[in-house]
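Here's the letter readout for the chains.
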Amino acid sequence: MVPDLLDHLRATFSPASSTTFDRRFEEIKTSRLLILDDLGTQSMTPWVREKLYQLFSYRSNAELPTVITIAADSLETLDARLASRLRDAHLCRIISISVPPFRGKPDRHRSQKPRSR
């Protein structure tokens, strides 16, 4: 998920980190395939906005494949610079997949009581 990715980037600022921010960000930017799940669920601080924009820009200029999942209503509330990248037909192909909500519903296997022997 995007919030987790950002947490990993922020963790590089810790004195105990075994890697630098620049190295970790370069690994992410240049990965052969990047999947950004739940874009739009992160807090949009100026730092986050800038890092995501740099990531999108680098990957689009390098023509590296990036898969992004986003809730249908989130594109309208996403940062304008990021949303404009996603709406660019030369850079992106939007595929809408309608699925029922799955969060908060009990798993039918877990809701069954265990059988007594």
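Asks: I'm lost on unusual backbone geometry in this one. Help?
Replies: The residue Asp38 is not glycine, and still its phi comes out positive at about 65 degrees. With respect to the element layout, Asp38 can be found in the loop between β1 (34-36) and α3 (46-61). Overall, Asp38 belongs to the buried group, its relative accessible area being 15%. Positive phi, normally seen in glycine, also occurs at Glu63, with a value near 55 degrees. Looking at the secondary structure, you find Glu63 in the loop between α3 and β2 (66-68). Take Glu63: its relative accessible area is 71%, and that puts it in the exposed class.

Asks: When you look at α3 in this model, what are you seeing that I'm missing?
Replies: Residues three or four positions apart in an α-helix share a direction because the helix packs 3.6 residues into each turn. Taking 1.5 Å of rise per residue, 16 residues should cover 22 Å, and α3 covers 22 Å from first to last C-alpha, within 8% of that figure. For α3, the set of buried residues is Val48, Lys51, Leu52, Leu55, Phe56, Ser57, Arg59 and Ser60. Looking at the buried residues of α3, the elements they touch are α1 (2-11), α2 (21-30), β1, β2 and α5 (80-87). Looking one or two residues beyond α3, the residue adopting positive phi is Glu63, at roughly 55 degrees.

Asks: I keep staring at the pattern of salt bridges and nothing clicks. Help me out?
Replies: Oppositely charged side chains can form a pair if their charged atoms are brought close together. Tallied over the full model, the rule gives five salt bridges. Of the charged contacts in the structure, one is a salt bridge between Asp7 and Arg10, with a shortest N-O distance of 3.0 Å. Of the two residues, Asp7 and Arg10 are both situated in helix α1; the distance of three residues between them amounts to about one turn of the helix. Asp7 gets classed as partly exposed once you look at its relative accessible area, which sits at 45%. Here Arg10 falls in the partly exposed class, since its relative accessible area comes to 34%. Here Glu27 makes a salt bridge to Arg24, at a shortest N to O gap of 3.4 Å. Taken together, the residues Glu27 and Arg24, both in helix α2 and three residues apart, mark about one turn of the helix. Judged by relative accessible area, Arg24 falls into the partly exposed class, the value being 25%.

Asks: How should I be thinking about the packing of aromatic side chains in this particular structure?
Replies: For any pair of aromatic rings, the description rests on two quantities: the centre-to-centre distance and the angle between the ring planes. One pass over the full model with this rule turns up four aromatic pairs. On the basis of an interplanar angle of 10 degrees and a centroid distance of 5.3 Å, the ring pair of Phe13 and Phe21 is categorised as stacked. For Phe13, a relative accessible area of 51% corresponds to the exposed category. Residue Phe21 is classed as buried on the basis of its relative accessible area of 12%. Measuring from ring centre to ring centre gives 6.2 Å for Phe13 and Trp47, while their planes differ by 70 degrees; the resulting arrangement is edge-to-face. One end of the pair, Phe13, is in the loop between α1 and α2; the other, Trp47, is in helix α3, and 34 residues separate them in sequence. A residue is classified by how much of its surface remains accessible, and Trp47, at 27% relative accessible area, is partly exposed. Members of the aromatic cluster, each reached through a chain of ring pairs, are Phe13, Phe21, Phe25 and Trp47. The cationic tip of Lys29 hangs over the ring face of Tyr58; the distance from NZ or CZ to the ring centre is 4.8 Å.

Cut-offs applied
Residues numbered from 1 in each chain as written. Predicted model: local features only at pLDDT ≥ 70, side-chain atom pairs only at ≥ 80, totals over all residues. Heavy atoms only, no water. Helix = DSSP H or I, 4+ residues; strand = E, 2+ residues; numbered from the N terminus. Buried < 20%, exposed > 50% of the residue type's maximum accessible area, 1.4 Å probe, protein only. Expected span 1.5 Å × (residues − 1). Contact = heavy atoms within 4.5 Å. Salt bridge = Lys/Arg side-chain N within 4 Å of Asp/Glu carboxyl O. Phe/Tyr/Trp six-rings, centres within 6.5 Å; stacked < 30°, edge-to-face > 60°. Lys NZ or Arg CZ within 6 Å of the ring centre and 35° of its normal.

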